[in-house]
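Structural characterization, general
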Amino acid sequence: MSTIGFIGLGQMGTPMALNLIKGGHSVKVFDINQDAVQQLVEQGATAATSPANAALDSEFVITMLPNGTLVKNVILGENGVTTTLDKNSLLIDMSTIHPLETDSLIKQMSELGFSMMEAPVGRTSEHAVRGELLIMAGGTKEQIERAKPLFDCMGNETVDCGGAGKGIRVKIINNYMSIALNALSAEAATLSEAIGLDWETSMKVMSGTPAGKGHFTTTWPGKVLAGDLSPVFMVDLAHKDLGIALDLANQVKVPMPCGAAAREMYNLTRAAGRGRQDWTAVLEQLRVSSGLEPKVK
């Protein structure tokens, strides 16, 4: 069992720290919210008086904070973690912050002789309570292996994302897609209701197609990712159907900003001469437009 300093007892941090306690670890907690600290003290934690005090004599220090400025201040600021952290200890930032801030912190910590990795989490606060988080680990193989017993207390799946800074990058992309899909799904649901469709029927149909299942696991693997853009569903036809949906939305006065932006992607793809290619060519065209090496020769 390990001695752990845990800093940041918000909606996610509190159950994560509690699961470390339940896992038999010795946990010293710090947060400016003293009620949150007391709640965990009653569950077996020790209260720390500062980030420095949380790090003192700890084999691991975990930060779980709302933004990069706070993470930096807690680690490098006055009474920060680095003022007491042992050079043999491991600092794990599990916050969701800007990847470039993560890169900078890991670089600064390395220059000071400290070991740091990042391991942001996926899923919800309910999963955090149950110890079922997805942990996206960015660090060396040795760091991840060392931290794995802690991760196993807080989550039920740890993904090695491929090195320092890669965990937070995966987390940001995952959140970007989930958040954007939430808005697009809201447009589809609202249009369904506005044109008189039963919600249960719409949900049943869309849950069985790429609309609900996503393209990562349905259309892309057999087409664009396999280097094949022969049409199963042409870009031109997708553009046409998208236009019909947008016109219908206009007629019933439903705003569709996500759909309108998507049509510009199809316009770009058609303008590049890909109108008769498979609709997954949208990915290839965006990649090429971004200066990446073509997948499809």
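Preceding this paragraph is the structure being described.
Model, not experiment: these values are computed from the prediction.

**Let's talk about the sheet that holds strand 9 (residues 155–160)**
Strand order in the open sheet formed by 3 strands is 7-8-9, and the pairing between neighbours is mixed. Here the strands that pair on one side only, and so sit at the sheet edges, are strand 7 (121–122) and strand 9. Looking at chain direction, strand 8 (residues 133–137) and strand 9 are connected through 5 bridges and run parallel. By the bridge assignment, isoleucine 135 is partnered in strand 9 with threonine 158.

**A closer look at a nonpolar patch on the surface**
On the surface, a nonpolar cluster with roughly 500 Å² of combined accessible area is contributed by Tyr176, Met177, Leu181, Leu184 and Phe216. Along the chain, methionine 177 falls in helix 8 (residues 166–194). Looking at methionine 177, the relative accessible area reads 32%, which means it is partly exposed.

**What to know about the pairing of strand 6 (residues 115–118)**
As judged from the 4 bridges shared by strand 5 (residues 90–93) and strand 6, these two strands associate in the parallel manner. In the strand pairing of strand 6, aspartate 93 is matched with glutamate 118. Between the parallel elements strand 5 and strand 6, the chain passes through helix 5 (residues 99–111) in a crossover that is right-handed.

**Remarks on the state of the cysteines**
Enumeration over the complete set of coordinates arrives at 0 disulfides. A disulfide-free cysteine, cysteine 153 has its sulfur positioned 20 Å from the sulfur of cysteine 161, the nearest such atom. Look at cysteine 153 and you get buried, because its relative accessible area is 18%.

**Description of helix 8**
With 29 residues, helix 8 extends 42 Å between its outermost C-alpha atoms, agreeing within 8% with the 42 Å of an ideal straight helix rising 1.5 Å per residue. If you check which residues of helix 8 are buried, you get Gly167, Ile168, Lys171, Glu187, Leu191 and Ser192. Phi turns positive one or two residues past the end of helix 8, at glycine 196, with a value near 85°.

**Things to note about the pattern of salt bridges**
One pass over the structure, following the stated rule, counts 10 salt bridges. A salt bridge links aspartate 103 to arginine 169; the nearest nitrogen and oxygen atoms lie 2.7 Å apart. Linking aspartate 103 in helix 5 with arginine 169 in helix 8, this pair joins segments that are 66 residues apart in sequence. Overall, the relative accessible area of 28% leaves aspartate 103 in the partly exposed class.

What counts and how
Residues numbered from 1 in each chain as written. Predicted model: local features only at pLDDT ≥ 70, side-chain atom pairs only at ≥ 80, totals over all residues. Heavy atoms only, no water. Pairing = 2+ DSSP bridges. Helix = DSSP H or I, 4+ residues; strand = E, 2+ residues; numbered from the N terminus. Patch = residues over 30% accessible without salt bridge, like charges linked within 9 Å, V, L, I, M, F, W, Y side chains within 5 Å. Areas by Shrake-Rupley, 256 points an atom, 1.4 Å probe, with all protein chains shown as cover. Salt bridge = Lys/Arg side-chain N within 4 Å of Asp/Glu carboxyl O. Buried < 20%, exposed > 50% of the residue type's maximum accessible area, 1.4 Å probe, protein only. Right-handed = clockwise from strand over helix to strand, strands pointing away. Disulfide = S-S within 2.5 Å. Expected span 1.5 Å × (residues − 1).

Function cannot be read off these values alone, since they describe shape.
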